[in-house]
Amino acid sequence: MNHPQTISTPFRQGTAPEAGILAALALQAPSGRATDSDRFAYSPLVAWMTALLDQIACGLVLVDAQARVRYLNLAALRQLDSLHPLVLAGQQLQARCPEDQAPLKAALAAASQGQRRLVSLGDPRLTAEVSVAPLSGAGAMGLDGLGGQASILLALGAPRTALPAAAQALARCVGLTPAETRVLDHLCTGVRPAEIANRLGVAVSTVRTQIGSARRKTGSASIRALVRQVAVMPPLN
């Protein structure tokens, strides 16, 4: 007997799909509860695609029209556990703030009708954009897997105060220190060195030294070139 997926189950190495949750990729997996220990019991292609989606730094969530979560990648799981304006309540995706519930519901309703929406959610200090898109091709391929309901993809933007995932990736790749990474965070949001020093409570000379070190490690000729490296980084974990 098959049992529904329980989204609230702790995940250690990413997520695992139930029937139809990879509809956009024209994949199907057997229905039933999936755990880390048996996720590779699915077809090898599904297992590889699940692992692939968990390498993408952008949070991806597949829901039906009632905001029931059918799949989420590892980035989404991490974002929804932190300061993101959306939160998991069991298998239901909800807005943290009651005033965001209506815009979320309206975006899902529009997606059910084949329309795309971009919504801004959250406290003004932690606003994040969420792209809501219908997966219209899934039903035509007979792969919706959601009981005949609309398949809707939500791509989660990080809160505006969060260090961009691309900056984190660059910091890891080139070995930036935590202090250099904090400075890079501020540079990516357009803060000048003097203001960075003021915010961090250090001397401007210290910030400039950290910027110089980050530039050497990344091979950047200028601050603008350093920030551009972040902008062109692939969105990978």
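Residues numbered from 1 in each chain as written. Predicted model: local features only at pLDDT ≥ 70, side-chain atom pairs only at ≥ 80, totals over all residues. Heavy atoms only, no water.

Draft legend 1. View of unusual backbone geometry. A positive phi angle, close to 65°, is found at alanine 67, a residue other than glycine. With respect to the helices and strands, alanine 67 occurs in the loop between strand 1 (59–63) and strand 2 (69–72). (Helix = DSSP H or I, 4+ residues; strand = E, 2+ residues; numbered from the N terminus.)

Draft legend 2. Layout of the environment of histidine 84. Summarising the element assignment, histidine 84 is placed in the loop between helix 2 (74–80) and strand 3 (86–89). Taking the C-alpha atoms as reference, histidine 84 lies 8.2 Å from arginine 96; in sequence the two are 12 residues apart. Here the side chain of histidine 84 touches leucine 86 through a polar contact of 3.1 Å, landing on its backbone nitrogen. (Polar contact = N/O pair within 3.5 Å; in protein donor to acceptor, adjacent residues only side chain to side chain.)

Draft legend 3. Spatial organisation of the nonpolar core. In terms of nonpolar packing, the biggest core is built from 23 residues, with Leu86, Val132 and Leu154 touching the most fellow members. Counting 16 residues, the second-largest nonpolar core is a separate cluster that includes Ala171, Ile196, Val207 and Leu226. (Core = buried A, V, L, I, M, F, W, Y, C linked by side-chain atoms within 4.5 Å. Buried < 20%, exposed > 50% of the residue type's maximum accessible area, 1.4 Å probe, protein only.)

Draft legend 4. Molecular detail of the packing of helix 7 (residues 193–200) against helix 8 (residues 204–218). For the pair helix 7 and helix 8, interaxial distance at closest approach is 8 Å and the crossing angle is 115°. By the criterion of interaxial angle, the relationship of helix 7 to helix 8 is roughly perpendicular. Taken as a pair, helix 7 and helix 8 cross one another with a handedness that is right-handed. For the pair helix 7 and helix 8, contact is made by Pro193, Ala194, Ile196 and Ala197 and by Val204, Val207, Arg208 and Ile211, respectively. For the contact of helix 7 with helix 8, a count of residues per class yields seven nonpolar, no polar and one charged. (Axes fitted to C-alpha atoms, helices over the stretch in contact; angles between N-to-C directions. Parallel < 35°, antiparallel > 145°, perpendicular 65-115°, else oblique. Left-handed = near helix turned anticlockwise from the far one by under 90°. Contact = heavy atoms within 4.5 Å. Nonpolar A, V, L, I, M, F, W, Y, C, P; charged D, E, K, R; others polar.)

Draft legend 5. A look at the sheet that holds strand 6 (residues 128–134). Spatial strand order, 2-1-7-6-5: five strands in an open sheet with antiparallel pairing. The strands lining the two open edges of the sheet, one partner per strand, are strand 2 and strand 5 (117–121). In this sheet, adjacent strand axes meet at a mean angle of 25° when their direction is disregarded. In this structure, strand 1 lies alongside strand 7 (residues 152–156), joined through five bridges in antiparallel fashion. Along strand 7, the bridge assignment pairs glycine 59 with leucine 156. (Pairing = 2+ DSSP bridges.)

Draft legend 6. Focus on helix 3 (residues 101–112). If you check helix 3, its first and last C-alpha atoms are 17 Å apart, about what 12 residues at 1.5 Å a residue would give, namely 16 Å. If you check which residues of helix 3 are buried, you get Leu104, Ala107, Leu108, Ala110 and Ala111. For helix 3, the buried positions fall inside an angular range of 160° around the axis, keeping them on one side. Those residues of helix 3 that are exposed and angled more than 90 degrees off the buried face are Ala102 and Lys105. At its buried positions, helix 3 is contacted by strand 1, strand 3, strand 4 (92–95), strand 5, strand 6 and strand 7. Positive phi appears at glycine 114, one or two residues downstream of helix 3, with a value of about 85°. (Expected span 1.5 Å × (residues − 1). Arc of directions from axis to C-beta.)

Draft legend 7. Seen up close, the pattern of salt bridges. All told, the structure shown has four salt bridges when counted by the stated rule. Between arginine 70 and aspartate 64 there is a salt bridge, and its shortest N-O distance comes to 3.3 Å. Each member of the pair, arginine 70 as well as aspartate 64, carries the same accessibility label: buried. Three or more residues joined by partner-sharing salt bridges are found here, namely Asp64, Arg68 and Arg70. (Salt bridge = Lys/Arg side-chain N within 4 Å of Asp/Glu carboxyl O.)

Draft legend 8. Expanded view of helix 8. The first and last C-alpha atoms of helix 8 sit 21 Å apart over 15 residues, in line with the 21 Å expected at 1.5 Å per residue. Those residues of helix 8 not exposed but buried are Val207, Gln210, Ile211, Gly212, Ser213, Ala214 and Thr218. Following helix 8 by one or two positions, glycine 219 adopts a phi angle in the positive range, close to 70°.

Note that every value here comes from positions in space, so none of it alone points to a role or purpose.
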